[in-house]
Amino acid sequence: MPIIKRYTINGVNLDVDPIEVPDNYYTEALNVVPRIGKMNRARGYAPIYPGALFGATYLLYTPQLGDPFWLYANDLNVAIINAANQHVDVTPASLTEAVSENGWSGGNLNGLAVINSVRNEPYYWFNGIGPEALPLPGQRTSTRYYVMRPFKYHLVGLGVSDPNGDFRDALHWSDAADPGTIPASWVPTPENEAGDNILADENGAIIDGLALRDAFYIYKQDSVYEMTYTGGSAVMRFRKVFGSTGVLTRNCIVRVKGTHIVLGNGDIYRHDGQNMESIIDGKLRDVFFATIDDTSFENSFAVYNEPSKEVWFCVPTTGNTRPNLALVYHVTTGEFGYRGIPDADFAASGILGEQ
């Protein structure tokens with residue numbers, strides 16, 4: 001009787017010559033994703049929350065100190081989906097400049113949703129605020145930010161635009177906010193914790209940032225800085241932690257178990273603020289980055305699907321303007337798979353209401 005050797009396929013490897021790839025890897029695959037000890041066919045899609053008021057290009061799940069809500073936006077509109085699965089328009093009256101693709105950013109501070117684009121003032125929304133999202137109070141005169149993220153009890157504006165010009169290597173942070181409230185001021189005074197800094201020792205613009213444990217990490221294209229809260233007159237302390245890698249574009253950093261996993265400029269890597277390692281080198285790095293469209297790469301994004309332990313790196317392939325391919329990384333096994341996605345503008349994870 002012939003002996004049949006069976007292999008359990010663990011992942012995908014396209015960078016190594018197929019002759020040299022171990023038998024437990026695919027050398028060509030689509031719509032298969034890694035699981036512990038095997039590869040599975042990628043699951044399909046189903047619509048949720050019918051009746052959207054407009055096509056969304058940005059999503060944010062917001063717990064809202066009780067009932068969860070979803071916020072969604074496009075170039076000139078903002079809406080929420082409430083706990084009763086109802087769509088409600090909350091477009092701010094001052095949202096008059098169209099937001100570009102991948103132009104929104106934001107997050108949750110003290111359970112309140114904050115959204116920002118450089119073409120309009122930043123806004124916040126929470127359940128009971130009224131019929132529309134409101135501008136953040138206490139802003140610096142005619143100042144806008146390319147990206148805004150929460151950190152502890154502060155908001156951080158990354159990349160500054162004001163009447164004097166664009167200062168892409170500068171950042172501002174707000175005064176601290178009491179729990180359940182929004183910061184009252186962005187103008188530094190001796191009586192508050194608002195402040196600013198310029199990260200100019202490495203060339204390039206600040207692209208994005210994200211909190212991790214007790215620090216906030218600021219990403220340029222080829223460098224990463226750490227900001228920590230110290231209080232006192234300085235308020236924040238800064239240090240450069242990596243000088244050879246950064247992030248590809250905004251919305252490409254996810255937080256996973258005390259680390260950041262980052263879609264970088266030519267690499268996908270994981271770090272804890274001190275140690276950094278590539279998770280794609282020797283498997284897919286060359287082929288994957290060669291597939292990304294050179295002119296539309298800024299529409300890429302990453303999202304963490306915690307129940308499935310998957311990070312999706314969503315990119316437009318050559319000739320496409322919107323992401324149509326997801327490289328799927330399993331955070332437990334460290335393996336990759338590919339799946340097609342339907343020309344997605346954005347993705348977010350959160351809790352769904354009853355469907």
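Residues numbered from 1 in each chain as written. Predicted model: local features only at pLDDT ≥ 70, side-chain atom pairs only at ≥ 80, totals over all residues. Heavy atoms only, no water.

Digging into the confidence of the model for the protein
Piece 1. On average, residues of the protein score 91 in pLDDT, and 95% of them are at 70 or above.
Piece 2. Considering only residues more than four positions removed or in separate chains, one finds that residues 1-7, a stretch of pLDDT under 50, has one contact. (pLDDT = per-residue confidence, 0-100. Contact = heavy atoms within 4.5 Å.)

Structural notes on the environment of Asp 272
Piece 1. Following the sequence through the fold, Asp 272 ends up in the loop between β23 (268-271) and β24 (276-278).
Piece 2. Along the chain, Asp 272 and Leu 212 lie 60 residues apart, while their C-alpha atoms are 8.2 Å from each other.
Piece 3. Asp 272 has contacts with Leu 212, Arg 213, Tyr 217, Gly 258 and Thr 259, leaving out every residue within four places of it along the chain.
Piece 4. Reaching out from Asp 272, the side chain makes a polar contact with the backbone nitrogen of Asn 275 at a distance of 2.7 Å. (Helix = DSSP H or I, 4+ residues; strand = E, 2+ residues; numbered from the N terminus. Polar contact = N/O pair within 3.5 Å; in protein donor to acceptor, adjacent residues only side chain to side chain.)

Let's talk about the nonpolar core
Piece 1. The biggest cluster of nonpolar side chains holds 42 residues, and the ones touching the most others in it are Ile 261, Leu 263, Ile 268, Phe 288, Val 311, Phe 313 and Leu 327.
Piece 2. When sequence neighbours within four positions are dropped, the list of residues in contact with Phe 313 reads Ile 261, Val 262, Leu 263, Ile 268, Phe 288, Phe 301, Ala 302, Leu 325, Ala 326, Leu 327, Tyr 329 and Phe 336.
Piece 3. Core analysis: the second largest hydrophobic core is formed by 30 residues, Leu 71, Ala 73, Met 148 and Trp 186 among them. (Core = buried A, V, L, I, M, F, W, Y, C linked by side-chain atoms within 4.5 Å. Buried < 20%, exposed > 50% of the residue type's maximum accessible area, 1.4 Å probe, protein only.)

Examining unusual backbone geometry
Piece 1. The residue Lys 152 is not glycine, and still its phi comes out positive at about 50°.
Piece 2. When you line up the elements, Lys 152 lands in the loop between β13 (144-151) and β14 (154-162).
Piece 3. Positive phi, close to 70°, is recorded for Val 235, a residue that is not glycine.
Piece 4. Mapped onto the secondary structure, Val 235 falls in strand β20 (residues 235-242).
Piece 5. On the basis of relative accessible area, Val 235 is assigned to the buried category, the value being 4%.

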